[in-house]
Amino acid sequence: MNKSEYISLVRASLSGGNPVTDTKGKYHPLRIEKYIGEVFTTFVRLAYNEAEVTKDYSVLDWYVKQYRNVSISYDMDTQSYYCVAPNTVMPLPKLAAYRLICPMQDQSFAFAPESASSEAIFAELEVSSIIPVPSFYVEHNKIWFTGKMSSDYEKVLIKAVTRFEDFDDEDEIYLPMGQDTAFFKQVQVLVEQQSVTPEDLQNNNNGK
Amino acid sequence: MNLGEILNFCNAKLNKDQSGNTFSKQQLNAVLPVVNLEYMKKKIGLPEDYQLGAPISRQAWDITQMITQQLSHLKVKMGDGETQPLQIDQYGRAAKPSDFMYHSALIWKVVDKNDAQVPGFYYNSIEVLTDAEYAEIISDAIVRPSKKYPVAYYIGTKIQFAPIDLKWAIFEYLRKPATPYFDCDVINDEMFYLPPGTTRKGESVTASATTTISNNTIVLNNATTEGLIIGSAVTGTGIPASTVISSLPTPSKIVLSNAATASGTVTVTINSANTASQSVELDWPEITHPDIANLIYVLMTQNLKDDRGYQQGKIRQTTGE
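Right, let's walk through the structure included here. Here the structure is a predicted model, which means the values were calculated and not measured.

Definitions and cut-offs
Residues numbered from 1 in each chain as written. Chains lettered and ligands numbered in written order. Predicted model: local features only at pLDDT ≥ 70, side-chain atom pairs only at ≥ 80, totals over all residues. Heavy atoms only, no water. Phe/Tyr/Trp six-rings, centres within 6.5 Å; stacked < 30°, edge-to-face > 60°. Buried < 20%, exposed > 50% of the residue type's maximum accessible area, 1.4 Å probe, protein only. Helix = DSSP H or I, 4+ residues; strand = E, 2+ residues; numbered from the N terminus. Lys NZ or Arg CZ within 6 Å of the ring centre and 35° of its normal. Disulfide = S-S within 2.5 Å. Polar contact = N/O pair within 3.5 Å; in protein donor to acceptor, adjacent residues only side chain to side chain. Contact = heavy atoms within 4.5 Å. Pairing = 2+ DSSP bridges. Expected span 1.5 Å × (residues − 1). Core = buried A, V, L, I, M, F, W, Y, C linked by side-chain atoms within 4.5 Å. Axes fitted to C-alpha atoms, helices over the stretch in contact; angles between N-to-C directions. Parallel < 35°, antiparallel > 145°, perpendicular 65-115°, else oblique. Patch = residues over 30% accessible without salt bridge, like charges linked within 9 Å, V, L, I, M, F, W, Y side chains within 5 Å. Areas by Shrake-Rupley, 256 points an atom, 1.4 Å probe, with all protein chains shown as cover. Salt bridge = Lys/Arg side-chain N within 4 Å of Asp/Glu carboxyl O.

## A few points about the packing of aromatic side chains
For any two aromatic rings, the description comes down to two numbers: the centre-to-centre distance and the angle of the planes. Taken as a whole and judged by the stated rule, the model has 25 aromatic pairs over all chains. Relative to Tyr57(A), the ring of Tyr48(A) lies with its centre 6.2 Å away and its plane at 50°, an arrangement referred to as tilted. A relative accessible area of 2% means that Tyr48(A) is categorised as buried. When the ring of Phe100(B) is compared with that of Tyr173(B), the centres are 5.7 Å apart and the planes differ by 45°; the resulting orientation is tilted. Linking Phe100(B) in strand 4 (residues 100–113) with Tyr173(B) in strand 9 (residues 168–175), this pair joins segments that are 73 residues apart in sequence. An identical accessibility class is assigned to Phe100(B) and Tyr173(B); each is buried. Among the aromatic residues, those joined into a ring-pair cluster are Tyr6(A), Phe43(A), Phe183(A) and Phe184(A). Positioned above the aromatic ring of Phe121(B), the side-chain terminus of Lys109(B) is 4.1 Å from the ring centre.

Shown next, in the form of structure tokens:
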């Protein structure tokens, strides 16, 4: 199923059939997208947990989206290279959401992930002078490059585990096999919580 | 059923036509536009049916296929390929069509590109909001109006869209049903219905009128224009041959097709023979005609001292049988 189909299916199930325009007030596709996104995040996290156990992180690749030609900038104050991170990348532990950062045309030259505080340690190690690949760490919405980074790299390719909202309408969305029903139930529970509190406290002939 | 048959039905049910007619032509034509709109109101949804917190009518537009079919002949689609879509101006406003009666749907064609930058399109509905909802949604972080999810609200004679640069939209609405009109020949004080497309046998009346030379308008002295038919032949001293009534602007003035050739008080003869029927039939499917006949019947019975007919009519409105 692609993203639009997921949203449509949830809307239809909540509306009890073909949704009419008025139901947008309650089940707006953009809000449903957010709710699906919340549950999707949970399921990706479960996939990550499974990967931690099996050490097979390729399970995360089902949720990867490519960001091409991401421009690298230079910060004069810190004299560091950085790029703006796609803001919908999931904050998985160990930077596992960043499946690959590399020069645009060389996917074998993968940049090495590290934490922001580890740069001081790596700088003192011999390994940092031997290994030719740049490293990167993430701070909020920026990816900072360290180590062997230079102005030779103008644009990078980023493959990252992204949130549901960042997929295009026609993009296929994969769920962990066998968990589709649980996924939908969780979305429905979230959306239906909206109506626990009466929405309309005014007698204004408006049923929404 | 045509209007003549409906009137006959009402008269028969009321059993009050011994003297000729329960309703005069004028009374019936005063009632018909009201009944026409009342029936429309009932079918699109009576607000009087609403319960507190449940604004749903027993009958409402599109609530069942039955209602949809009964009103489908009144549905107008702007932008179906043969008709122009609703044009939206630079301020995001579109004029409501002059025959607009009730909203059905607004649709917007979303033009998008896929990852390969190939343009495509799909349709999305435009949500119609109240003012209060619009005030909230316009600043909502998630569902604020966008070209993918536009919104609209009604204001005055216009529909306001957001975002404002949509340019056009597909609009489906229910138009106002044609106003029915009962036209008839009156012969010996008895009404004979004239279906649309027929001509009247007509009758001849005489009246005193004042003419003015070279003027098309004559003024009736001791009569009114009530009952006169446009197109009727007018003869008299100082009135050229083949003169007919062009219009009836006031209850005492008649505008002729030719100017009078003399001034003075003359006796004119007005003959409505062979003028075309002005009848307009009900703009409703035949299956609904009994319901409309009952509405007319209820209004007729309200004139009577005995209210049994009125009670029966009201019961018929509720039970539908």
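Right, picking up where we left off after that structure.
## A short note on the state of the cysteines
Under the counting rule described, the total for this entry stands at 0 disulfides over all chains. A disulfide-free cysteine, Cys102(A) has its sulfur positioned 12 Å from the sulfur of Cys83(A), the nearest such atom. Assessed through its relative accessible area of 0%, Cys102(A) is described here as buried. For the unlinked cysteine Cys10(B), the closest cysteine sulfur is that of Cys184(B), found at 15 Å.

## Quick notes on the side chain of Asn2(A)
Residues and elements named next belong to chain A. Counting through the fold element by element, Asn-2 comes out in the segment before helix 1 (3–15). A distance of 3.1 Å separates a polar atom in the side chain of Asn-2 from the backbone nitrogen of Ser-4. From its side chain, Asn-2 meets the backbone nitrogen of Glu-5 in a polar contact 2.8 Å long. Here Asn-2 is in contact with Asp-169, Glu-170, Asp-171, Glu-172 and Ile-173, once residues within four sequence places are set aside.

## What to know about the sheet that holds strand 3 (residues 93–95) of chain B
What holds strands together in a sheet is hydrogen bonding between their backbones, with the strands either parallel or antiparallel. All names here are of chain B. Taken in spatial order, the 4 strands make up an open sheet running 3-8-7-6, and their pairing is mixed. Edge strands, defined here as strands with exactly one partner in the open sheet, are strand 3 and strand 6 (127–128). Judged from the 3 bridges that link them, strand 3 and strand 8 (residues 158–162) form a sheet pairing that is antiparallel. Looking across to strand 8, one finds that Ala-94 is bridged to Ile-159.

## Things to note about helix 2 (residues 25–44) of chain B
All names here are of chain B. Taking 1.5 Å of rise per residue, the 20 residues of helix 2 would be expected to cover 28 Å, and the 29 Å separating its terminal C-alpha atoms lies within 8% of that figure. Taken together, the buried positions of helix 2 are occupied by Lys-25, Leu-28, Asn-29, Val-31, Leu-32, Val-35, Asn-36, Tyr-39, Met-40, Lys-43 and Ile-44. Gly-45 sits one or two positions beyond helix 2 and adopts a positive phi of about 125°.

## Quick word on the nonpolar core
In terms of nonpolar packing, the biggest core is built from 52 residues, with Phe40(A), Tyr98(A), Phe145(A) and Ile158(A) touching the most fellow members. When residues of this core are traced back to their parent elements, those giving at least two are helix 1, helix 2 (29–54), strand 1 (64–71), strand 3 (80–84), strand 4 (98–103), strand 7 (142–147), strand 8 (155–161) and helix 5 (180–192) of chain A. Tallying contributions element by element places helix 2 of chain A first for this core, with 10 residues. In this view, Tyr98(A) contacts Ala85(A), Val89(A), Phe136(A), Val138(A), Ile143(A), Ile158(A), Lys159(A) and Ala160(A); residues no more than four positions away in its chain are not counted. With 30 residues, the next largest nonpolar core counts Leu74(B), Ile292(B), Leu295(B) and Ile296(B) among its residues.

## A look at the packing of helix 1 of chain A against helix 2 of chain A
All names here are of chain A. In the contact formed by helix 1 and helix 2, the axes pass within 10 Å of each other and the chain directions differ by 105°. The angle between helix 1 and helix 2 places the two elements in the roughly perpendicular class. Across the interface between the two elements, Lys-3, Tyr-6, Ile-7, Val-10, Arg-11 and Leu-14 of helix 1 pack against Pro-29, Ile-32, Glu-33 and Ile-36 of helix 2.

## Section: a nonpolar patch on the surface
Residues and elements named next belong to chain A. Side chains of Ile-121, Phe-122, Leu-125, Val-127, Ile-130 and Ile-131 sit close together on the surface and give an oily, nonpolar patch of about 520 Å² of accessible area. Counting residues per element, the ones that place at least two in the nonpolar patch are helix 3 (119–124) and helix 4 (127–130). Residue placement: Ile-131 occurs in the loop between helix 4 and strand 6 (134–139). Among the residues examined, Ile-131 registers a relative accessible area of 40% and is labelled partly exposed.

## Here we look at the pairing of strand 13 (residues 217–220) of chain B
All names here are of chain B. Here strand 13 shows one buried face, formed by Ile-218 and Leu-220, and one open face, formed by Thr-217 and Val-219. Judged from the 2 bridges that link them, strand 12 (residues 204–211) and strand 13 form a sheet pairing that is antiparallel. Its bridge partner being in strand 13, Ala-209 is matched across the sheet by Leu-220. Taking the residues between adjacent antiparallel strands as the criterion, strand 12 and strand 13 are bridged by 5 residues, where Ser-214 takes a positive phi near 65°. When strand 13 meets strand 16 (residues 253–256), the two strands line up antiparallel, connected through 3 bridges. Across the sheet, the residue bridging to Val-219 is Lys-253, located in strand 16.

## Concerning helix 2 of chain A
Along its 26 residues, helix 2 of chain A runs 36 Å from first to last C-alpha, staying within 8% of the 38 Å computed at 1.5 Å per residue. Where helix 2 of chain A terminates, the next one or two residues include Lys55(A), which has phi positive at roughly 60°.

## Let's talk about the pairing of strand 6 of chain A
All names here are of chain A. With 2 bridges joining them, strand 5 (residues 112–113) and strand 6 adopt parallel strand pairing. In the strand pairing of strand 6, Pro-113 is matched with Phe-136. Where strand 6 lies against strand 7, 6 bridges are found, and the strand directions are antiparallel. Residue pairing across strands places Phe-136 opposite Phe-145, the latter belonging to strand 7. A loop of 2 residues connects strand 6 with strand 7, the two strands running antiparallel in sequence, and His-140 in this loop sits at a positive phi of about 50°.

Any functional reading would require information beyond the geometric quantities listed.
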